[in-house]
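# A structural walkthrough
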Amino acid sequence: MKQGRLIIAANWKMNRAPEGALAEGSPYLPNKDIDVVVFATLLDLRRCIVAGIITGAQYGFPKEKGAYTGETSMQMICEEGAQYVLCGHSERRDPPHNETDEFIAEQVASALKAGIYPILCIGETEKEHDADLTFDVIDRQLKRVTLTPKVTIAYEPRWAIGSGKTPTPSEAQKIHAFIKKKGGSRTLYGGSMNGKNAKDFLKQPDIDGGLIGGASLKPKEFAMIVEAARAITGRITGYA
Ligand code: 13P
């Protein structure tokens, strides 16, 4: 049995809310056993919040306000009612955004200042994985960030995102154990998590939840992941 609460987070990326997601009985709504969080586009945030869903933004700019055309600050995201924000998702570390470790560290600090929980995304590319550089890359990605107990870390190997490929649960466990020693609170696994493999990842001692892309757009499959997590609850301690 796990202590504390697992997080199952849906990252809808650049997709509108799936049909039925905002209706009564939807698997995206909060439940008593685990934390369910939805990362919607900024345009869907309010609708989700009104429906009772715990939400996060997929990105936020680290300055509070001013002449930054197209940007939305962490403060504004917080005022809108979102409780979480993703920082450094691999799709934003890649072109055309090219977010750097320095910029991502600023985002995490800005989110904390604004009063929302950052979920810092880290993970190696396939090339780095094949060259056995995973731990070096993770070290580098975590180095500049102040990892308070309010920071959640999502390990998302870039080669596993949207590819149907995953590390084995025990490989992922080793990396999560390494990440946990660096600080922060809960650590989530992301990358081709689905209704079938979720349980094997979530039962690993240092995996405290999942950040799910493709499978989170299918309410039935997302519900299977939520149920897998609920079946394992009870173990994590020490997060804010
Ligand atoms: P997939 O679940 O589609 O691999 O995406 C993972 C992800 O990027 C979540 O942030």
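For the structure itself, consult the block above.
Residues numbered from 1 in each chain as written. Predicted model: local features only at pLDDT ≥ 70, side-chain atom pairs only at ≥ 80, totals over all residues. Heavy atoms only, no water.

Enumeration according to the criterion identifies 21 salt bridges in this entry. Glutamate 80 is paired through a salt bridge with arginine 46; the nearest N and O atoms lie 3.1 Å apart. Residue glutamate 80 is located in helix α2 (residues 74-80), and its partner arginine 46 is located in helix α1 (residues 42-50); the two are separated by 34 residues in the primary sequence. On the basis of relative accessible area, arginine 46 is assigned to the partly exposed category, the value being 41%. The residue glutamate 106 makes a salt bridge to lysine 63 at a minimum N-O spacing of 3.5 Å. Within this pair, whereas glutamate 106 is found in helix α4 (residues 101-114), its partner lysine 63 is found in the loop between β3 (55-57) and α2, the two being separated by 43 residues in sequence. Residue class for glutamate 106 comes out partly exposed when judged on its relative accessible area of 37%. (Salt bridge = Lys/Arg side-chain N within 4 Å of Asp/Glu carboxyl O. Helix = DSSP H or I, 4+ residues; strand = E, 2+ residues; numbered from the N terminus. Buried < 20%, exposed > 50% of the residue type's maximum accessible area, 1.4 Å probe, protein only.)

So, on to the state of the cysteines. Within the structure shown, the criterion is met by zero disulfides. As a non-bridged cysteine, cysteine 48 has cysteine 78 as the owner of its nearest cysteine sulfur, 17 Å distant. Cysteine 121 provides the cysteine sulfur closest to cysteine 87, a residue in no disulfide bond, and the two sulfurs are 7.8 Å apart. (Disulfide = S-S within 2.5 Å.)

Read once around its circumference, the closed barrel built from eight strands follows the order β1-β2-β3-β4-β5-β6-β7-β8, with strand pairing classed as parallel. When strand polarity is set aside, the average angle formed by the axes of neighbouring strands in this sheet is 25 degrees. Inspection of the sheet shows strand β1 (residues 7-11) paired to strand β8 (residues 209-212) by four bridges, in the parallel sense. Among the inter-strand pairings, alanine 10 is bridged to a residue of β8, identified as isoleucine 212. Set on the sheet, helix α7 (residues 169-180) makes contact with β5 (117-122), β6 (152-155) and β7 (187-190); between it and β7 the angle comes to about 145 degrees. Taken strand by strand, helix α9 (residues 219-230) contacts β1, β2 (35-40) and β8, and its axis lies near 165 degrees from that of β1. (Pairing = 2+ DSSP bridges. Axes fitted to C-alpha atoms, helices over the stretch in contact; angles between N-to-C directions. Contact = heavy atoms within 4.5 Å.)

This brings us to the site of the ligand. Close contacts around the ligand come from 13 residues, with Lys13, His89, Gly162, Ser192 and Gly214 the closest. Separating an oxygen atom of the ligand from a backbone N or O atom of glycine 162 is a distance of 2.6 Å. In isolation the ligand exposes 300 Å². Once the protein is present, 95% of that is buried. Of the residues in the shell around the ligand, the class split is four nonpolar, seven polar and two charged. (Near = heavy atom within 4 Å. Polar contact = N/O pair within 3.5 Å; in protein donor to acceptor, adjacent residues only side chain to side chain. Areas by Shrake-Rupley, 256 points an atom, 1.4 Å probe, with all protein chains shown as cover. Nonpolar A, V, L, I, M, F, W, Y, C, P; charged D, E, K, R; others polar.)

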